[in-house]
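# Remarks on the overall topology
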Amino acid sequence: MSISPERPIYSPFFSVMGATSAMVFSSMGAAYGTAKSGVGIAAMAIMKPELIMKSVVPVVMAGILAIYGVVVAVLIANTINKEGTTMAKDLTNMGAGLSVGLSAMAAGFAIGIVGDAGVRGTAQQPKLFVGMVLMLIFAEVLGLYGLITALVMMYA
């Protein structure tokens, strides 16, 4: 790594914080979504244990959010020590990490709340399952929007 007027010595810090933000915030969203949905699944399983496998959908969808953060964190980490990187690129990397991380965290909160209420409701009224899955898809897409935005920021 070379120090230049275009890239001061403290500049890589911003890329590192972008990778960290992507990983930490997306994992927080995935963990919250998994935990909150898991509580609903446990409560539902007492009444209808045969629906446990059908009710794992929110947990899987929450786990995907962490993958979005890993992808962006790895892509950012691969650019940190490249020659020709400028401070502007490091700041863009930080913005990309925050974009995917915070949107995945928001999506995880939505998935957790919808998943908890949805699996409990599905135990009482099976017709609710399709509606729950649709709401989960729209919640998941919030994280995907953050991933797309991060990738566009990094490669535009």
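Per an unreviewed UniProt entry, the chain goes by the name V-type proton ATPase proteolipid subunit and belongs to Oikopleura dioica. Word for word, the UniProt comment on the chain under Sequence similarities (unreviewed entry) is "Belongs to the V-ATPase proteolipid subunit family."

Turning to the UniProt feature "transmembrane region" (unreviewed entry) in the chain, a few remarks are in order. If you check UniProt for "transmembrane region" (unreviewed entry), the listed places come out as residues 12-35, 56-76, 96-116 and 128-155 in our numbering. Helix makes up 100% of residues 12-35 and strand 0%. Its end C-alpha atoms lie 34 Å apart. Between the end C-alpha atoms of residues 128-155 the distance is 41 Å, and the span holds 100% helix and 0% strand.

Along an α-helix, residues three or four apart share an orientation, since each turn contains 3.6 residues. Helix length check: helix H4 (residues 128-155) (28 residues) gives 41 Å between terminal C-alpha atoms against 40 Å at 1.5 Å per residue, within 8%. Every buried residue of H4 is accounted for by Phe-129, Met-132, Leu-136, Ala-139, Glu-140, Gly-143, Gly-146, Leu-147, Ala-150 and Met-154. Along its buried surface, H4 packs onto helix H2 (57-77) and helix H3 (87-124).

This part takes up the packing of aromatic side chains. By convention here, two paired aromatic rings are described through the distance between centres and the angle between planes. In total, this model carries three aromatic pairs according to the counting rule given. With 6.5 Å between their ring centres and 80 degrees between their planes, Tyr-10 and Phe-14 make a pair best called edge-to-face. Of the residues examined, Tyr-10 reaches a relative accessible area of 47% and is grouped as partly exposed. Geometrically, the ring pair formed by Tyr-32 and Phe-109 is edge-to-face, given 4.8 Å between the ring centres and 75 degrees between the ring planes. Here Tyr-32, found in helix H1 (residues 12-47), pairs with Phe-109, found in helix H3; they are 77 residues apart in sequence, far enough to count as distant.

Another aspect to go through is a nonpolar patch on the surface. Judged by side-chain polarity, Leu-142, Leu-144, Tyr-145, Ile-148 and Val-152 come together as a nonpolar surface patch covering roughly 450 Å² of accessible area. Tracing the backbone shows Ile-148 in helix H4.

A word on the side chain of Asp-90. Locating Asp-90 in the fold gives a position in helix H3. A distance of 2.5 Å separates the side chain of Asp-90 from the side chain of Ser-11, its partner in a polar contact. Apart from the residues within four sequence positions on either side, Asp-90 is in contact with Arg-7, Ser-11, Pro-12, Phe-14, Ser-15 and Thr-85.

Now for the UniProt feature "domain: V-ATPase proteolipid subunit C-like" (unreviewed entry) in the chain. The UniProt record annotates "domain: V-ATPase proteolipid subunit C-like" (unreviewed entry) at residues 17-76 and 94-153. Structurally, residues 17-76 is divided into 85% helix and 0% strand, and its ends, taken at the C-alpha atoms, are 10 Å apart. Helix makes up 95% of residues 94-153 and strand 0%. Its end C-alpha atoms lie 10 Å apart.

This part takes up the nonpolar core. Counting 29 residues, the largest nonpolar core has Leu-65, Val-72, Val-100, Ile-111, Met-132 and Leu-136 as its most contacted members. Broken down by secondary-structure element, the contributors of at least two residues to this core are H1, H2, H3 and H4. When near neighbours in sequence (up to four residues on either side) are disregarded, Val-100 contacts Ala-22, Tyr-68, Gly-69, Val-72, Gly-146, Leu-147 and Ala-150.

In this section: the packing of H2 against H3. H3 packs onto H2 with a crossing angle of 175 degrees between their chain directions and a minimal axis gap of 9 Å. One way to sum up the angle between H2 and H3 is to call them roughly antiparallel. Packed against H2, whose contacting residues are Pro-58, Met-61, Ala-62, Leu-65, Tyr-68, Gly-69, Val-72 and Ile-76, the element H3 presents Asn-93, Ala-96, Gly-97, Val-100, Ala-104, Ala-107, Gly-108, Ile-111, Gly-115 and Val-119 at the interface. Residues of the contact of H2 with H3, tallied by class, amount to 13 nonpolar, five polar and no charged.

So, how was this worked out
- Residues numbered from 1 in each chain as written.
- Predicted model: local features only at pLDDT ≥ 70, side-chain atom pairs only at ≥ 80, totals over all residues.
- Heavy atoms only, no water.
- UniProt positions renumbered as here; feature names shortened; annotations may be inferred.
- Helix = DSSP H or I, 4+ residues; strand = E, 2+ residues; numbered from the N terminus.
- Expected span 1.5 Å × (residues − 1).
- Buried < 20%, exposed > 50% of the residue type's maximum accessible area, 1.4 Å probe, protein only.
- Contact = heavy atoms within 4.5 Å.
- Phe/Tyr/Trp six-rings, centres within 6.5 Å; stacked < 30°, edge-to-face > 60°.
- Patch = residues over 30% accessible without salt bridge, like charges linked within 9 Å, V, L, I, M, F, W, Y side chains within 5 Å.
- Areas by Shrake-Rupley, 256 points an atom, 1.4 Å probe, with all protein chains shown as cover.
- Salt bridge = Lys/Arg side-chain N within 4 Å of Asp/Glu carboxyl O.
- Polar contact = N/O pair within 3.5 Å; in protein donor to acceptor, adjacent residues only side chain to side chain.
- Core = buried A, V, L, I, M, F, W, Y, C linked by side-chain atoms within 4.5 Å.
- Axes fitted to C-alpha atoms, helices over the stretch in contact; angles between N-to-C directions.
- Parallel < 35°, antiparallel > 145°, perpendicular 65-115°, else oblique.
- Nonpolar A, V, L, I, M, F, W, Y, C, P; charged D, E, K, R; others polar.

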